[in-house]
Amino acid sequence: MLWYIFKRIVLALATIWLVITVTFFISRAVPGGPFLGEKAITEAAQAQLEAKYGLDKPVMEQYVTYLSDIVTEFDFGPSLKQRGRDVVDIISDGLKVSVKLGVTAAVGALILGVIFGSIAALRRNKLVDKIIMVVTTAFVSMPSFIMGSLLLVVFSSILGWLPANGTTAEGLILPIITLSLYPMAYITRLTRSSMLDVLGQDYIRTARAKGVSGWRIIFGHALKNSLIPVITYFGPMLAYIVTGSLVVERIFAVPGIGRSFVSSITDRDYPMIMGTTIVLATLIVVMNLVSDLLYKVVDPRINLE
Amino acid sequence: MFTTKKLGKYAIPSMHVDLDQFIPATEEEKAYMVQMRPSSTFFKDGVKRLLKNKVATVCFFIIVIITLTSIFLPMFWPYSYEQMLGITPGRPVDPSYNNLAPFEYGSTEQELIAAGEKVFPHIFGTDAAGRDYFIRIVYGTRISLAVGFFASIIVLIIGMTVGSIAGYCGGKVDLIIMRIVDMIYSLPDMLMVILLASVLSVSGLSQAIEGTALAKIGANIISLFIVFAVLYWVSMARLIRGQILSLREQEYVLAARATGAKGSWIIRKHLVPNCISVVIISTALQIPNSIFTESYLSFLGLGVNAPMPSLGSLASDALNGMSSYPYRLIIPAVVISLIVLSLNLFGDGLRDAFDPKLNN
């Protein structure tokens, strides 16, 4: 067990290192520096700017400096576009909004998904089950940007119930719904199939034979065991929410980390691109690790390797 | 059936068959023995199972219809995806062609109609630059499908090569390849895709391909293919390696080897046929995934090059005029969802039909 945990942590660290390295060299390989977009900049001024941000040094030296700054001080350097602000500050500002968005969406998806999944499993092949399955199939095959756009059209353009702008608390409702629909649908299907699996087990039959009531069987015996596969979905769900938030924040103009990532790509703001990628990637890698380890802790039957 | 001979006072049954006791079978009895149906192959069995699955069959026809439409319709359609109808050489731009509602006509077309001529209708109207929106949707569907299909083929080729090398060689080669696969696998794919796509689309790629046949496809789509080639082969490689590893140890392979079969024979007769269904199924399921990714990147502005539409970029463009022209968003949205949904359901049907072992 300990050896397994150790191996997984090493793999996670290697992945994060790979992300940093790949990101660094990719963003340095791009022609056209970050200052090209601005009008009328003399060569002397550009050289001065490059010297100021250390862009004139050899790439390997920049890489080593960058890596050691991250490891020792968690410092991603200053943003090249938003003058006078550090990347860390921009990211943490954006994260405050994005985390609120993401966590609410994840929790909502989890609760509703488990409820709907259990209902579908218990009413198997009845009308309710069929409706739930059709709706979740539709949600699963709809890209997040389309879901977001459609919700925007319906609820804010046509009905006018909710604002289209995600800067206010009320405006976050639509982005949260958009982000949570796909994971919710997925969790619903996951819960349904694992619940059906569990309900066919012998110990459920035993409980039933003892005369345990239907609801107690579900909450006391079936639910706990059928939630195990859902735990493995935590990591992928977070990855979905992170990438989904890029488009969702664009659609609803939410001032989160996703929007600043997209705009930093078009601005070619190297430190910002790298910083955001690294933070988000680390988040995903760590969540994947946690969900895999949790899976093992919750269900000791699972064989490592 | 057996005759008994008297030997002394005991009747001993003899093993000698007395043919006189047999009578020829009647025609009716003969007909009873005839095999009722020809022997079935694995492929035929699979197709039969697939056809029984109504959802998958319907989805298959939807895909075929959409594909054929997107390939052949632009050949007959009187408008093209990049032609701005308001612009005629030597005349000022006619703005009456921009943002037409469905089945409306521009000013010169209305004159033609008034003169009694027939004008082909703009079924979905035109976009902000006066381009026929229906043909843009059809063309966008073609691009999305093509990207999905070719990306999956690229993934298949790379994944199959690497996976079979790892599986067949084993040992150190396998170990090294699998560690690399592990690392790429645990990379957050979408972030890396965005990063690669954003970098490749501005790097020297467009100059490098200028003048070649690739220039017509556009640098962005090629960078998209590169992204798929770099990142998405890993799960395919894992799958095929696992298949080969388990198949190599099967008894029938051992039996074939014991009877003196050569390596090439084993690969051709045992490994490939047993692998192929899994490979086809996961390729089929990779297509909607690639379409998904392409539309996602197009939506972020990292997909196809400008005048060329893809379903994602059409949806992205429509976002700006969304309150006035919601249908321009809804149409590509519906088409994309329909394609992805039918491909997914068809892929599931394929899996159920052709790979009973994989059933979950």
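The structure we're discussing is the one just above.
Heads up: these notes are all about the structure in this document. (Residues numbered from 1 in each chain as written. Chains lettered and ligands numbered in written order. Predicted model: local features only at pLDDT ≥ 70, side-chain atom pairs only at ≥ 80, totals over all residues. Heavy atoms only, no water.)

1. Let's talk about the overall build of chain B
Phase 1: Looking only at helices and strands, chain B has 15 helices and two strands in total.
Phase 2: Counting contacts in chain B only where the partners sit at least 6 residues apart, residues at least 24 apart contribute 69% of the total.
Phase 3: When the accessible surface of chain B is totalled, it reaches about 19,800 Å², and 66% of it is carbon and sulfur. (Helix = DSSP H or I, 4+ residues; strand = E, 2+ residues; numbered from the N terminus. Contact = heavy atoms within 4.5 Å. Areas by Shrake-Rupley, 256 points an atom, 1.4 Å probe, with all protein chains shown as cover.)

2. Here we look at the interface of chain A and chain B
Phase 1: Each side of the interface is counted separately: chain A has 39 residues, and chain B has 36 residues.
Phase 2: Here chain A packs against chain B, burying approximately 3,300 Å² in sum over the two surfaces, 84% of which is carbon and sulfur.
Phase 3: Contact with chain B buries surface across chain A, with A:Ser141, A:Phe145 and A:Arg250 losing the most and accounting together for 17% of the total.
Phase 4: Here chain A is connected to chain B by zero residue pairs in polar contact (both at pLDDT 80 or more).
Phase 5: If you list the elements that add at least two residues to the side of chain A that touches chain B, you get helix H1 (2-29), helix H5 (127-140), helix H6 (144-158), helix H11 (234-252), helix H12 (257-267) and helix H13 (270-298) of chain A.
Phase 6: Across the side of chain A that touches chain B, the residue classes break down as 27 nonpolar, 10 polar and two charged. (Buried area = accessible area lost by both parts, 1.4 Å probe. Polar contact = N/O pair within 3.5 Å; in protein donor to acceptor, adjacent residues only side chain to side chain. Nonpolar A, V, L, I, M, F, W, Y, C, P; charged D, E, K, R; others polar.)

3. What about the side chain of A:Ser245?
Residues and elements named next belong to chain A.
Phase 1: Looking at the secondary structure, you find Ser245 in helix H11.
Phase 2: Among the polar contacts made by the side chain of Ser245, one reaches the main-chain carbonyl oxygen of Val242 at a distance of 2.6 Å.
Phase 3: Not counting residues up to four positions away in its chain, the partners in contact with Ser245 are Leu179, Arg250 and Gly258.

4. Some thoughts on the pattern of salt bridges
Residues and elements named next belong to chain B.
Phase 1: Inspection of the entire model under this criterion finds six salt bridges over all chains.
Phase 2: Its salt-bridge partner being Asp174, residue Arg241 comes within 2.6 Å of it at the nearest N-O pair. In this pair, Arg241 sits in helix H11 (residues 233-248) while Asp174 sits in helix H6 (residues 171-186), placing the two residues 67 residues apart along the sequence.
Phase 3: The exposure class assigned to Asp174 is buried, which follows from its relative accessible area of 11%. (Salt bridge = Lys/Arg side-chain N within 4 Å of Asp/Glu carboxyl O. Buried < 20%, exposed > 50% of the residue type's maximum accessible area, 1.4 Å probe, protein only.)

5. Remarks on empty space enclosed by the protein
Phase 1: All chains considered together, the criterion is met by one cavity of 30 Å³ or more.
Phase 2: In this structure, the largest cavity spans a volume of roughly 50 Å³.
Phase 3: Along its surface, the largest cavity is lined by A:Val262, A:Ile265, A:Thr266, B:Ile194, B:Leu300 and B:Leu302.
Phase 4: When residues of the lining of the largest cavity are assigned to their parent elements, the largest contribution, three residues, is made by H12(A).
Phase 5: Considered class by class, the residues forming the lining of the largest cavity number five nonpolar, one polar and no charged. (1 Å grid on protein atoms, 1.4 Å probe; cavity = no way out; pocket = protein on both sides within 12 Å on 5 of 7 lines; lining within 4 Å. Points joined across faces, edges and corners; volume = space filled by probe spheres on them.)

6. Examining the nonpolar core
Phase 1: Grouped together as the largest cluster of nonpolar side chains are 165 residues, with contacts concentrated most on B:Ile194 and B:Leu231.
Phase 2: Here the element with the most residues in this core is helix H5 (residues 133-169) of chain B; it accounts for 13 residues.
Phase 3: Beyond its immediate stretch of four places on either side in the chain, B:Ile194 contacts A:Leu246, A:Phe261, A:Ile265, B:Tyr296, B:Leu297, B:Leu300 and B:Leu302. (Core = buried A, V, L, I, M, F, W, Y, C linked by side-chain atoms within 4.5 Å.)

7. So, helix H14 (residues 311-318) of chain B
Phase 1: With respect to burial, H14(B) is a largely interior element, seven of its eight residues being buried.
Phase 2: If you check which residues of H14(B) are buried, you get B:Leu311, B:Gly312, B:Ser313, B:Leu314, B:Ala315, B:Ser316 and B:Ala318.
Phase 3: On its buried side, H14(B) packs onto H6 and H11 of chain A together with H5, helix H13 (263-299) and helix H15 (326-354) of chain B.

8. Description of a nonpolar patch on the surface
All names here are of chain A.
Phase 1: On the surface, a cluster of nonpolar side chains totalling about 700 Å² of accessible area is made up of Val99, Val103, Val107, Ile111, Leu112, Ile115, Phe116, Ile119 and Val128.
Phase 2: Examining the composition of the nonpolar patch, we find that eight residues originate from one element, helix H4 (residues 87-122), more than from any other.
Phase 3: Within the element layout of this structure, Val128 appears in helix H5. (Patch = residues over 30% accessible without salt bridge, like charges linked within 9 Å, V, L, I, M, F, W, Y side chains within 5 Å.)

9. Some details on the packing of aromatic side chains
By convention here, two paired aromatic rings are described through the distance between centres and the angle between planes.
Phase 1: One pass over the full model with this rule turns up 10 aromatic pairs over all chains.
Phase 2: Ring centres of A:Phe25 and A:Tyr63 lie 5.1 Å apart, and the angle between their planes is 40°; on these two criteria the pair is classed as tilted. Of the two residues, A:Phe25 is situated in helix H1 and A:Tyr63 in helix H3 (residues 59-73); the sequence distance between them amounts to 38 residues.
Phase 3: For A:Phe25, a relative accessible area of 31% puts it in the partly exposed group.
Phase 4: Note on B:Phe149 and B:Phe150: the rings are 5.5 Å apart at their centroids and 80° apart in plane angle, and the pair reads as edge-to-face.
Phase 5: Residue classification places B:Phe149 among the partly exposed residues on the basis of a relative accessible area of 42%. (Phe/Tyr/Trp six-rings, centres within 6.5 Å; stacked < 30°, edge-to-face > 60°.)

10. Side note on a positive patch on the surface
Residues and elements named next belong to chain B.
Phase 1: Together, Arg37, Lys44, Lys48, Arg49 and Lys52 make up a region of like positive charge exposed at the surface.
Phase 2: By the element assignment, Lys52 lies in helix H2 (residues 42-52).
Phase 3: A relative accessible area of 68% means that Lys52 is categorised as exposed. (Lys, Arg positive; Asp, Glu negative; His and termini not counted. Charge placed at Lys NZ, Arg CZ, Asp CG, Glu CD.)

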